[in-house]
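# Observations on chain architecture
Chain residues, written in single-letter form:
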Amino acid sequence: MKNVFTLFGKSINSNIFFFILLTGIVFSLYGKARDYEFIYLDDTRLVSSNINFISDIKNLPKLFVKSCYYTTDTKDGYYRPVLSLSFALEVLLFGESSKVSHTTNIILYILSIYLMYVFLLKLNLNRIILKLSLLLLAVHPALASVSAWIAARNDSLLAVFVFLTLISFVSYIEKNKISYFWLTVYFFAVSIFTKESGVVLIILFPVLLCCLSKFEFKNILKLYSAFLGIFIIYFILRKFVGISSWFSFNLKNVVIMLKNIFIGFVIYINKLLIPADVPVCLFDFLPGIFSVAVAAACVIFLIIVYYKNFVNRKFLLFGISFFIFYLLPTFFILQNLILFHRLLLPSAGMVLIFVLLIQKIIKCYPISKKYFLFLFAILFIIFVRGSYIQADKFKDNTAFTVNGYKSAPSYHVFLNGIAGIYTDMKDYDNALIFLYKAEEYYNGYYINNIATMLLYQKKFDQAEVLLKKSININRHKEIAYANLSLLYEEKQDYKKSLEYAKKAYDENPYNIDLSVNLARKYYLNKQYEQAIKIYKDLLKIKKDAGYYYSIGVLYDKLNSKEQAFEYANKAVDLDGRNEKYRNFAKHLAVKDI
């Protein structure tokens, strides 16, 4: 047993070995996620639907004056420009690829765990126990979504910059070098531009200084003076974007938030301690008596540990504060939605407490060391198995929607997702049932989707009324315009169809679906040159066989046989298995002869 514990030495090389080991374990467990698809909940909105916008290097500065969904709807989105920048850089370097996005998520997850290790190591924790604890955290089933779900990146990205800030801050306090001061300021700025909860560091800095017994008012004052300038810039840009507040302070909202905080902490504590059957998410969920008892027992235990002074009280309070304050911002949105990737950053507080307890027990009872090793081995195997299963819940949109609906059947997003599955089956009646349920919860949000189902059922008048209502309440206007364009296409009023397609495009000229829709409407109105221009612009972003085929068809309509043949062959070169592309190329070849 002693040899196992001394496997991780105290040399610098041991940190490198730990990083390699951590990387190998995480990639072995979550490497399969690189083959997962984009999920329609946020993934497509963050990347593929707006690929036109984020693939243009000239638009990088604009990411700081737009919501993370690149939308003009201020009720729909968050101000997270660094998150948007991460997706934009991926697309610029590698093109649109779910494989690349998932790989980046895995790398960020590894970095967040490793930087958590580097920071906690600065608190003079036992290096071996800390490494083993973080290896358990890395395979924890509650955190599987961080690697497996592209939209969960905001938390791993935030964790990376929060820990870089804390590492720089501790180095600044210890060495008092101006370079560490500016690194602290820089990483803090990046963290709040990644996600709003980065601001929690303001509360944690004084608590950390007390732990280090190096509290100097001038150091905090100097840092906070620099932070003030960052906050001014942040709020000016956020105000410019027009992101609305998700929480307004009144008695009713405060009561709802307090209820959500209680429920949320009970669930999060339970899934950290007993990660059995972790759901995709939970919504309007009431924990059972057992869950409340487990959370209560955890709180009572920590109170006893503090009262008995079993471990360093300052570090214990810092760990508790870290866990609480990084979970609290998730409850400012009044909907009672529990997403488990949000546990990544707060879990550092739990790890700190766990390591403090284990190293104290081993110090008092050295024989317990071998029992903890045995417990680690058992938990590691159980966690790996649970995480491997959990990750597959995010492999594609159907798996995500079905598993999400099982765990949160009243959540409007999954109701809409189930409606989508029925739509793919052309069962529009059942799709409407689920959409109406979703609309009951989120009034006005799913009007466009309901109208789409009515369009499929040829109920044009009812659909038109709903779409114009959506425009009047300024809810996803571009989608409403696009659906009106489809409606008039069905009525064979191609001129009016083009009019609304242009309006949809003007609302969001970077949305690929709206661009394709406009190109089609130009085609129907025999304005072939304009349609060709749109498709050629799309080809600058992505070499797509469908775009080449469409251009070939358009050139054929213009009797430009040579160009039609050229683009038809390019479509075949990219996707030779597509019978439609092959037949079209053969047709052009025969005509040419």
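Bear in mind that the values here come from a model prediction, so they are computed numbers and not experimental data.

Scoring rules and cut-offs
Just so you know, the residues in each chain are numbered from 1, in the order the chain's sequence is written. Since the coordinates come from a predicted model, pLDDT governs what is reported: local features require at least 70, and pairs of side-chain atoms require 80 or more to be given and counted, while whole-chain, interface and lining totals use all residues. Hydrogens are left out, water is left out, and the side-chain values use all remaining heavy atoms of the structure. We count a stretch as a helix when DSSP gives it H or I for four or more residues in a row; a strand needs E for two or more, and each element gets its number in order from the N terminus. Here the globule rule reads 2.2 Å times residues to the power 0.38, and the radius of gyration is calculated from C-alpha atoms. Think of it in three bands: with a 1.4 Å probe and only protein chains considered, a residue is buried below 20% of the maximum accessible area for its type, exposed above 50%, and partly exposed in between. The contact rule is simple, with two residues in contact once any of their heavy atoms fall within 4.5 Å. Using a 1.4 Å probe, the Shrake-Rupley method yields the accessible areas, and only the shown protein chains count as cover for residues. Think of it this way: Lys and Arg go in the positive column, Asp and Glu in the negative one, and His and the chain ends go nowhere. Taken as the charge centre is NZ of Lys, CZ of Arg, CG of Asp or CD of Glu, depending on the residue. Distance and chemistry together define a polar contact, namely a pair of N or O atoms within 3.5 Å, with one atom able to donate a hydrogen and the other to accept it when in protein, and with adjacent residues in sequence counting only for side-chain atoms on both sides. Buried Ala, Val, Leu, Ile, Met, Phe, Trp, Tyr and Cys residues that are joined via side-chain atoms within 4.5 Å together make up what is termed a nonpolar core. Confidence scores here are pLDDT values: one per residue, from the predictor, ranging 0 to 100. Here a helix's expected span is defined as the number of its residues, less one, multiplied by 1.5 Å. In this description, one arc is meant: the one made by directions from the helix axis to the C-beta atoms. Here, a salt bridge means any Lys or Arg side-chain nitrogen found within 4 Å of an Asp or Glu carboxyl oxygen. Axis lines are fitted through C-alpha atoms, for helices just across the contact stretch, and the angle between N-to-C directions can take any value from 0 to 180 degrees. Every angle not falling under 35 degrees, over 145, or within 65 to 115 is termed oblique; those three ranges are roughly parallel, roughly antiparallel and roughly perpendicular. A crossing counts as left-handed when the near helix is turned anticlockwise from the far one by less than a right angle, and as right-handed when that turn is clockwise. Residue classes follow a fixed rule: Ala, Val, Leu, Ile, Met, Phe, Trp, Tyr, Cys and Pro count as nonpolar, while Asp, Glu, Lys and Arg count as charged, and any other residue, Gly among them, counts as polar. Aromatic pairing here means that ring centres of Phe, Tyr or Trp (its six-membered ring) are within 6.5 Å. Orientation follows from the plane angle: under 30 degrees is stacked, over 60 is edge-to-face, and everything else is tilted.

## A closer look at the overall build of the protein
Counting secondary structure elements, the protein contains 29 helices and two strands. For a compact globule of 593 residues, the expected C-alpha radius of gyration is about 25 Å, and the protein comes in at 27 Å, within 12% of that figure. With respect to the three principal axes, the spread of C-alpha positions in the protein is 90 × 55 × 50 Å. Relative to its full complement of 593 residues, the protein shows a buried share of 54%. Summarising the internal contacts of the protein: among those between residues at least 6 apart in sequence, 70% fall at separations of at least 24. For the protein, the exposed surface amounts to about 27400 Å²; the carbon and sulfur share of it is 62%. Looking at the protein, you have 67 positive and 42 negative side-chain charges, and the mean spots of the two groups are 12 Å apart.

## Regarding the side chain of S347
Inspection of the secondary structure puts S347 in helix α16 (residues 347–364). S347 gets classed as buried once you look at its relative accessible area, which sits at 0%. Within polar-contact distance, the side chain of S347 engages the backbone oxygen of L344 at 2.5 Å. If near-sequence neighbours (up to four positions away) are discounted, S347 is found in contact with M116, L137 and L272.

## Comments concerning the nonpolar core
Most often, soluble globular proteins have nonpolar side chains that are buried together. Ranked by size, the top nonpolar core spans 212 residues in total, and within it I54, F119, L123 and F163 carry the most contacts. With 13 residues, the top contributor of residues to this core is helix α9 (residues 153–175). Those residues in contact with L123, other than ones at most four positions away along the chain, are L208, L212, F315, F318 and L352.

## Observations concerning the confidence of the model for the protein
For the protein, per-residue confidence averages 88 on the pLDDT scale, and 93% of positions sit at 70 or higher. A low-confidence stretch, residues 1–12 stays under pLDDT 50, and its non-local contacts, those more than four residues away or across chains, total 16 contacts.

## Looking at the environment of V199
Summarising the element assignment, V199 is placed in the loop between α10 (178–194) and α11 (201–212). Residues V199 and A531, 332 residues apart in the sequence, show an inter-C-alpha distance of 47 Å. Apart from the residues lying within four places of it in its own chain, the contact partners of V199 are F188, I192 and F231.

## Observations concerning helix α14 (residues 289–307)
Here α14 is 19 residues long and its end C-alpha atoms lie 26 Å apart, about the 27 Å a rise of 1.5 Å per residue gives. Within α14, the full set of buried residues consists of V294, A295, C298, L302 and V305. Taken end-on, α14 shows its buried residues confined to a sector of 95°, consistent with a single buried face. Opposite the buried face of α14, by more than 90 degrees, sit the exposed residues I289, I303 and Y307. Buried residues along α14 sit in contact with α13 (251–273), α15 (313–327) and α16. Looking at the residues trailing α14, positive phi occurs at N309, about 55°.

## Topic: the pattern of salt bridges
For the coordinates displayed, the defined rule picks out 15 salt bridges. Put simply, K533 and D537 hold a salt bridge, and the shortest N to O gap is 3.3 Å. Here K533 and its partner D537 are both found in helix α26 (residues 528–539), four residues apart, which amounts to about one turn of the helix. Exposure remark for K533: the relative accessible area of 53% places this residue in the exposed category. Relative accessible area serves as the criterion here: at 30%, D537 is assigned to the partly exposed category. As a salt-bridge pair, K540 and D537 come within 3.5 Å of each other at their nearest N and O atoms. Taken together, the salt bridges that share partners define one network made up of E464, K468 and K491.

## As for the packing of helix α21 (residues 447–456) against helix α22 (residues 460–472)
The N-to-C vectors of α21 and α22 enclose an angle of 165°; their axes lie 8 Å apart at closest approach. Between α21 and α22, the crossing angle belongs to the class labelled roughly antiparallel. Our pair here, α21 against α22, has a crossing hand that is left-handed. On α22, the residues touching I447, N448, I450, A451, L454 and L455 of α21 are F460, Q462, A463, L466, L467, K469 and S470. Among the residues making up the contact of α21 with α22, the classes are represented as nine nonpolar, three polar and one charged.

## Structural notes on unusual backbone geometry
A negative phi holds for most residues other than glycine; trans holds for most peptide bonds. With a phi angle near 55°, N309 is a residue other than glycine that sits in the positive phi range. Structurally, N309 can be placed in the loop between α14 and α15.

## Brief notes about the packing of aromatic side chains
All told, the structure shown has 48 aromatic pairs when counted by the stated rule. Look at F193 and Y234: their rings are 5.3 Å apart centre to centre, the planes differ by 75°, and that puts the pair in the edge-to-face class. Of this pair, F193 sits in helix α10 while Y234 sits in helix α12 (residues 217–241); the two residues are 41 residues apart in sequence, bridging distant segments of the chain. Look at F193 and you get buried, because its relative accessible area is 9%.

## Examining the side chain of H140
Relative to the helices and strands, H140 is located in the loop between α7 (127–138) and α8 (144–148). At a separation of 2.8 Å, a polar atom in the side chain of H140 contacts the main-chain carbonyl oxygen of L272. When neighbours within four sequence positions are excluded, H140 is seen to be in contact with Y30, K271, L272, P275, F383 and S387.

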